[in-house]
Amino acid sequence: MSAPKILVTGGAGFIGSHVCVALIAAGLRPVVMDTLVNSDPRSLQRVARITGVEPPLVRGDVRDAVALDRAFAEHGFDAVLHLAGLKAVGQSVSDPIGYYDVNVAGSLALVRAMERAGVRTLIFSSSATVYGSTQRSPIRESAPYAAVNPYGRTKVMVERLLADLARADGRWGIACLRFFNPIGAHESGLLGELPHGPPDNLLPYVSQVAAGERCHVVVHGDDYETPDGTGVRDYVHVMDVAEGHVAALRHATTHRGLLTVNLGTGRGASVLEVISAFERASGRTVAWRVGPRRPGDAPAYWADVQHARDRLGWHARRGLDQMCADSWRWQLGNPRGFDDPDPALPAGFVSAST
Ligand code: WQD
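Rules of the game
- Residues numbered from 1 in each chain as written.
- Predicted model: local features only at pLDDT ≥ 70, side-chain atom pairs only at ≥ 80, totals over all residues.
- Heavy atoms only, no water.
- Helix = DSSP H or I, 4+ residues; strand = E, 2+ residues; numbered from the N terminus.
- Polar contact = N/O pair within 3.5 Å; in protein donor to acceptor, adjacent residues only side chain to side chain.
- Contact = heavy atoms within 4.5 Å.
- Pairing = 2+ DSSP bridges.
- Axes fitted to C-alpha atoms, helices over the stretch in contact; angles between N-to-C directions.
- Near = heavy atom within 4 Å.
- Areas by Shrake-Rupley, 256 points an atom, 1.4 Å probe, with all protein chains shown as cover.
- Nonpolar A, V, L, I, M, F, W, Y, C, P; charged D, E, K, R; others polar.
- Buried < 20%, exposed > 50% of the residue type's maximum accessible area, 1.4 Å probe, protein only.
- Right-handed = clockwise from strand over helix to strand, strands pointing away.

K.L.:
Explain the environment of Glu187 residue by residue, including any values.
P.N.:
Relative to the elements of secondary structure, Glu187 occurs in the loop between strand E7 (181-183) and helix H7 (202-210). Separated by 158 residues in the primary sequence, Glu187 and Leu345 place their C-alpha atoms 9.5 Å from one another.

K.L.:
Before we move on, can you summarise the side chain of Thr129 with the specific residues and values?
P.N.:
With respect to the helices, strands and loops of the structure, Thr129 is situated in the loop between strand E5 (121-127) and helix H6 (150-168). In terms of polar contacts, Thr129 uses its side chain to reach the side chain of Ser127, at 2.6 Å. Other than its neighbours up to four places away in sequence, Thr129 contacts Ala147, Tyr151 and Gly152.

K.L.:
Explain the sheet that holds strand E6 (residues 173-179) to me, and be specific about the residues and the numbers.
P.N.:
If you walk across this open sheet you meet the 7 strands as E3-E2-E1-E4-E5-E6-E11, and the pairing is parallel. The open sheet has two edge strands, strand E3 (57-59) and strand E11 (257-263), and neither has a second partner. Taken over all neighbouring pairs, the strand axes of this sheet differ in orientation by 20 degrees on average, direction set aside. Where strand E4 (residues 79-82) and E5 come together, 3 bridges link them in parallel fashion. Residue pairing for E5: Leu81 is matched across the bridge by Ile123. Along the sheet, helix H5 (residues 96-117) contacts strand E1 (5-9), E4 and E5; its crossing angle with E5, the most-contacted strand, is approximately 170 degrees.

K.L.:
Let's hear about the site of the ligand: which residues, and what values?
P.N.:
The immediate surroundings of the ligand are formed by 18 residues, with Tyr151, Leu202, Val218, Arg233 and Asp297 found nearest. In this structure, Arg233 approaches the ligand through a side-chain N or O atom, which is 2.6 Å from an oxygen atom. Burial of the ligand by the protein amounts to 91% of the accessible area it has alone, namely 690 Å². Counting residues per element, the shell around the ligand draws most heavily on strand E8 (residues 217-220), at 3 residues. Among the residues making up the shell around the ligand, the classes are represented as 8 nonpolar, 6 polar and 4 charged.

K.L.:
Quick rundown of the pairing of E5? Include the residues and the values.
P.N.:
In terms of burial, E5 is largely enclosed, as 7 of its 7 residues are buried. On E5, burial covers both faces: Thr121, Ile123, Ser125 and Ser127 on one face and Leu122, Phe124 and Ser126 on the other are all buried. Two strands pair when backbone bridges link them, and E5 and E6 are joined in this way by 7 bridges, in the parallel orientation. Pairing of Ser125 across the sheet is with Leu177, part of E6. The handedness of the E5 to E6 crossover, carried by H6, is right-handed.

K.L.:
Go over unusual backbone geometry with me, naming the residues and quoting the values.
P.N.:
Along the chain, Ser137 connects to Pro138 via a cis peptide bond; the corresponding omega equals 0 degrees. The topology assignment puts Pro138 in the loop between E5 and H6. Positive phi, normally seen in glycine, also occurs at Leu36, with a value near 65 degrees. On the secondary structure map, Leu36 appears in the loop between strand E2 (29-34) and helix H2 (42-51). According to the relative accessible area criterion, Leu36 is buried, its value standing at 14%.

Any functional reading would require information that these geometric values do not contain.
The structure is reproduced here in structure tokens:
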């Protein structure tokens, strides 16, 4: 009996490559479809160094029906994890057509290809941005949609599409996973986040300041109604998010219908708490300056995580200090990303391939 084959769209990216590690560890066999617009195929070689298995790469776009049909015919997938998509909030404001095309039309094309192939188990990478910036935390999955940018609205549209599909056809097993703020890196230091240009997100920016690549962090506002005045978010380790995908896949394989769950820790951390945690993890000073608030930023939000515990038996196991320590190991070992020769595995790390 060969291991179940799972199509992972966007599987060469930051979260996708970590998901591949978790799938292989669970005895599954990922096949990656990726345009490589926002990712590097060498991440899959790093997956092989960690797990002993290199996921096959199908270079393709989920909007391409011919490429999808060819991949389904060749591999005979048992299920699909759909992570491919554009995810920069600011960019979505200036390029809404691109975001609706890739995120919404791409998801529709994928679901049509699944229907043609008779594959009806799907895990969708959604986002906490569907909640917008005014919900009271902790935020439950029952909170209303209130997305405030095109990126968040594309995630709402795809969630609605999948809900209508599950209602119309009981043969589908679907899970929508609402990521809060995934950060960190695999403990081996072989995989991590590879922002193109100046990072928009906090953690990669802090990491580059700690490494001396940037001079200081601009703290976007310190006059919010939060304990230290800076923005609060629910940071969750990328490997916890990856393992959440495996738990959701197990559920969707044995249950039909739609399940929507938050993937977070249930705890908020402020910008200054993240900076302090990173200083502890790296032993470096992270210089920061207060700047103006960033338009569209919510003061504070974090997840209610009970539903994921109850329905998936999943909860985040790694804390902020480990997220920062794992990020720092990735930063130190790969200052130029995958252009660096493979860093040595940390002492004591036993990869599946050894
Ligand atoms: C976190 C906090 C900033 C940078 C975004 C997307 C979301 C999801 C995760 C895809 C905020 C503050 C940041 C900096 C700062 N991506 N900050 N200085 O905005 O919560 O979420 O990434 O699903 O869709 O919106 O993450 O890391 O940008 O910001 O002070 O240089 O750090 O104001 O309070 P965000 P972030």
